[in-house]
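Tertiary structure, described
Spelled out, the chains give:
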Amino acid sequence: MSDQYRCGRCWRTFDDSKLKVLPGVRCPYCGYNIIYMIRKPTVKVIKAI
Ligand SMILES: [Zn+2]
C-alpha cells in the first residue's frame, strides 16, 4: 500500500512511483511543486451485533 499524493494546483492524485520519476517533488501533470501527501484512512471492519 503506497502513499498517495495530490498536487496543490491541478488537484490530481498520483502515487509514489510517479513522484520518483521526476527530479525533486513536483506534480507529474503540471509541474507544480507543492504536493500534499494523502494518507489513506485505515479501514476497520466492525461487526454489528
Ligand atoms: Zn499538478
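Not measured: the values here are computed from a predicted model.

Rules behind the numbers
- Residues numbered from 1 in each chain as written.
- Predicted model: local features only at pLDDT ≥ 70, side-chain atom pairs only at ≥ 80, totals over all residues.
- Heavy atoms only, no water.
- Donors = N, O, S within 2.8 Å, 3.2 Å for Na, K, Ca; no water.
- Tetrahedral: all angles 85-135°; square planar, octahedral: opposite > 155°, others 65-115°.
- Buried < 20%, exposed > 50% of the residue type's maximum accessible area, 1.4 Å probe, protein only.
- Helix = DSSP H or I, 4+ residues; strand = E, 2+ residues; numbered from the N terminus.
- Pairing = 2+ DSSP bridges.
- UniProt positions renumbered as here; feature names shortened; annotations may be inferred.
- Contact = heavy atoms within 4.5 Å.

1. Some details on the coordination of the zinc ion
- With distances of 2.3 Å, the protein atoms coordinating the zinc ion are C7 (SG), C10 (SG), C27 (SG) and C30 (SG).
- Coordination at the zinc ion is tetrahedral: its four donor atoms span angles of 105 to 117 degrees at the metal.

2. Structural notes on the pairing of strand β1 (residues 4-7)
- Only one face of β1 is buried: it carries Y5 and C7, and the other face, with Q4 and R6, is open.
- In this structure, β1 lies alongside strand β2 (residues 13-15), joined through three bridges in antiparallel fashion. Within β2, the position partnered with Y5 by the bridge is F14.
- Once β1 ends, the chain turns through five residues before running back antiparallel as β2, passing W11 with a positive phi of about 60 degrees.
- Pairing analysis gives four bridges linking β1 to strand β3 (residues 35-38), with the strands arranged antiparallel. Among the inter-strand pairings, Q4 is bridged to a residue of β3, identified as I38.

3. Some words on the UniProt feature "binding site: Zn(2+)" (unreviewed entry) in the chain
- According to UniProt, the positions carrying the feature "binding site: Zn(2+)" (unreviewed entry) are C10, C27 and C30. A maximum C-alpha distance of 8.6 Å places the annotated residues, which cover 21 residues in sequence, within one compact spot.
- Looking at where C27 falls in the secondary structure, it is placed in the loop between α1 (16-21) and β3.
- What makes C27 buried here is its relative accessible area of 2%.
- The residue C30 is located in the loop between α1 and β3 in this model.
- For C30, the contacting residues outside a window of four places in its chain are C7, R9 and C10.

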